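The primary structure of each chain is shown beneath.
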Amino acid sequence: MGNTAQGTSSTNITYGNVYVMTHSFFSDVIKIGCTPIDPIQHAITLSENTIGDYTVVFSLQCKNPCNVKKQIRQYLHAKAYVNEFYQVPAEVAERLLKREALRIPMLSDV
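Thresholds, definitions, all that
- Residues numbered from 1 in each chain as written.
- Predicted model: local features only at pLDDT ≥ 70, side-chain atom pairs only at ≥ 80, totals over all residues.
- Heavy atoms only, no water.
- Disulfide = S-S within 2.5 Å.
- Helix = DSSP H or I, 4+ residues; strand = E, 2+ residues; numbered from the N terminus.
- Buried < 20%, exposed > 50% of the residue type's maximum accessible area, 1.4 Å probe, protein only.
- Pairing = 2+ DSSP bridges.

Trainee: Sorry, what's going on with the state of the cysteines here?
Mentor: A covalent bond between the sulfur atoms of two cysteines is referred to as a disulfide. Using the criterion set out here, one finds one disulfide in the structure. Between the sulfur of C34 and that of C66 lies a disulfide, 2.0 Å long from S to S. On the S-S bond that ties C34 to C66, the torsion sits near 85°, and the link is right-handed. Of this pair, C34 sits in strand 2 (residues 26-35) while C66 sits in helix 3 (residues 65-75), and the two are 32 residues apart along the sequence.

Put into structure tokens, the structure is as follows:
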């Protein structure tokens with residue numbers, strides 16, 4: 001499960017998406033990341049570079065998505081699996097993103 005340079009390593013994304021993905025081989029592990037492109041397209045790109053497939057469970061379009069990702073990663077620090085992967089139910093990460101959305105400027109507000 002590798003990262004591509006596109007979207008996941010940059011912390012300077014002004015507008016984009018923060019997402020929760022699952023991988024077909026790991027039902028109990030989620031990936032949290034940020035990308036300036038459509039998260040579904042990003043999942044397709046990631047899937048092309050790995051065995052198995054990534055699926056977007058939830059995404060949120062917002063300002064500074066990598067800052068949101070960073071905050072969610074802090075919340076889930078105790079559940080860290082490896083890099084951007086966490087061993088928590090996808091619903092937990094989705095609730096955290098929705099809660100964080102109350103504190104971040106949404107693109108629809110622009």
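Moving on, there is more to tell.
Trainee: Any chance you could explain unusual backbone geometry here in plain terms?
Mentor: In this structure, N64 is a non-glycine residue whose phi angle is positive, near 50°. As for its placement among the helices and strands, N64 is situated in the loop between strand 3 (54-63) and helix 3.

Trainee: Could you clarify how one ought to interpret the pairing of strand 1 (residues 15-23) in this entry?
Mentor: Strand residues, when the strand is regular, have side chains that alternate between the two faces of the sheet. For strand 1, a buried count of eight out of nine residues is recorded, marking the element as mostly surrounded by other parts of the structure. Of the strand pairs in this sheet, strand 1 and strand 3 are connected by nine bridges, and their pairing is antiparallel. Paired with N17 across the strands is Q61, a residue of strand 3. Bridge count between strand 1 and strand 2: seven bridges; the pairing is antiparallel. Directly across from H23, in strand 2, lies its bridge partner F26. The turn linking strand 1 back onto strand 2 is made up of two residues.

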